[in-house]
Amino acid sequence: QSCHRPAGQRASQEPGSRGLPEGVEYIPTRKKGKNPMKPVGVAWYSLYARTRLGYLFYQRQVKKARERYPHGHSVPQPYCFPGLKILPIPVLSNNYSYLVIDTGSSQAAVIDPSDPLAVQAAIEEEGVMLEAIFCTHKHWDHSGGNWELCQKHNSCRVYGSALDAIPQLTHPLADREKVSVGCLTFEALATPGHTVGHMVYVLDGGPFGSPPCLFSGDLLFLAGCGELFEGSAETMLASLDLAMGLGEDTLLWPGHEYALECLTFASLLELDNSALEQKLQWAVQQRQEKRSTCPSTLGEEQSYNPFLRTHRPELQEALGLWQGRGEDPDAFRARVLKEVRRRKDLYQAT
């Protein structure tokens, strides 16, 4: 595989997919117009997140995805700088794991290893030593491969938040704690909202001449954000604001391939957003060619991602929302975010 810089990366849509919304892995019977957080959805989420039934469902997901996408749901392109290689690994029906390699020492870390077979195949192909697993949160589609990988790599450490029940967790992390793997340095940031213990990981690209890299799990997607399973709009807004403070050149590596659906939804909210229109056209082409849309940059995201545009008057007007007299600006932005999230939960691409 040849390496490409972000501008050269392209993505593709799964054949036959109808642009299923984020969270579909948790609520497979979800119907158009149904809010997944209604009582039945909440009950299913509790079973998925807190019982063995969730793990059994995850195993079924893995089996079906391996049959449907024997070579992965997308064609990724490695991202390379001197001493650094980031390999997106398409897993399940729309997830991404990431193998991050210090090419000087051949030491590596993996972010959110959903399918252990796919991750192990990448490790063997690259000829690297797996030193660490970084889990953004407990959901099986992000942590289900931990046990099997730890069996194969005895010295592998598993990092994540102690607030989430992450399988095989060996090294609980505090907010802003840093971890080194070879010459790679990751900083953990607590970003609750999707789950109580959700964390994102920021790779310092400085030593390699690369921009910072944000592995965002289910906090932030291209043109989207994660569902509020265990947090309020206010909590999610604070987490998104924290991520956006990393800088516009930061590369976004999300946990899912949701670009086409999220951009289509966003285009229904802002009809005259030229940046959004251009990105949507690009994403359509990428997905037609079955290529990954990762990464984007946080600067790009601010121009078309409605969950990052809660401060924009054009979005507020499109939603029919106005700031109340004396209303705190952040409280109003949280109200805008809540409305965008509500509409997104009800939306299903056709």
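All of the points below concern the structure found in this document. (Residues numbered from 1 in each chain as written. Predicted model: local features only at pLDDT ≥ 70, side-chain atom pairs only at ≥ 80, totals over all residues. Heavy atoms only, no water.)

1. With respect to the overall build of the protein chain
Phase 1: Along its length, the protein chain carries 11 helices and 15 strands.
Phase 2: In the protein chain, which comprises 350 residues, the share counted as buried stands at 57%.
Phase 3: Nonlocal contacts in the protein chain, meaning residues at least 24 apart in sequence, comprise 66% of its contacts between residues at least 6 apart.
Phase 4: About 14300 Å² of surface is accessible on the protein chain, with carbon and sulfur atoms providing 53% of the total. (Helix = DSSP H or I, 4+ residues; strand = E, 2+ residues; numbered from the N terminus. Buried < 20%, exposed > 50% of the residue type's maximum accessible area, 1.4 Å probe, protein only. Contact = heavy atoms within 4.5 Å. Areas by Shrake-Rupley, 256 points an atom, 1.4 Å probe, with all protein chains shown as cover.)

2. Considerations on unusual backbone geometry
Phase 1: In this structure, the amide linkage connecting Cys 294 to the following residue, Pro 295, adopts the cis form with an omega of -5 degrees.
Phase 2: Secondary-structure assignment places Pro 295 in the loop between α8 (274–288) and β15 (296–297).
Phase 3: Located in the positive-phi region is Asp 112, a residue other than glycine, with phi close to 50 degrees.
Phase 4: Structurally, the position occupied by Asp 112 is in the loop between β4 (107–111) and α3 (116–126).
Phase 5: Using a relative accessible area of 2% as the deciding quantity, one classes Asp 112 as buried.
Phase 6: For Lys 290, which is not a glycine, the phi torsion comes out positive at approximately 60 degrees.
Phase 7: Within the fold, Lys 290 resides in the loop between α8 and β15.

3. Quick notes on the packing of aromatic side chains
Phase 1: Across all of its chains, the model carries 18 aromatic pairs by this definition.
Phase 2: Taken together, a centroid distance of 5.0 Å and an interplanar angle of 15 degrees make the contact between Phe 134 and Tyr 159 stacked. Residue Phe 134 is found in strand β5 (residues 129–134), and its partner Tyr 159 is found in strand β6 (residues 157–160); the two are separated by 25 residues along the sequence.
Phase 3: Take Tyr 159: its relative accessible area is 6%, and that puts it in the buried class. (Phe/Tyr/Trp six-rings, centres within 6.5 Å; stacked < 30°, edge-to-face > 60°.)

4. Describing the sheet that holds strand β9 (residues 184–190)
Phase 1: The six strands lie next to each other as β8-β9-β10-β11-β14-β15, forming an open sheet whose pairing is mixed. Of all strands in the sheet, those bounded by a partner on one side alone are β8 (178–181) and β15.
Phase 2: By the bridge criterion, two bridges tie strand β14 (residues 251–254) to β15 in an arrangement that is antiparallel. Residue Leu 252 lies in a different strand from β15, and its bridge partner there is Ser 296. (Pairing = 2+ DSSP bridges.)

5. Here we look at the sheet that holds strand β1 (residues 79–81)
Phase 1: Strand order in the open sheet formed by seven strands is β1-β2-β3-β4-β5-β6-β7, with mixed pairing between adjacent strands. At either margin of the open sheet sits one strand with a lone partner, and together these are β1 and β7 (171–172).
Phase 2: Where β5 meets β6, three bridges bridge the pair, whose relative direction is parallel. By the bridge assignment, Ala 132 is partnered in β6 with Arg 157.
Phase 3: α3 rests against β2 (84–91), β3 (95–102), β4 and β5 of the sheet, and its axis sits at about 150 degrees to β2. (Axes fitted to C-alpha atoms, helices over the stretch in contact; angles between N-to-C directions.)

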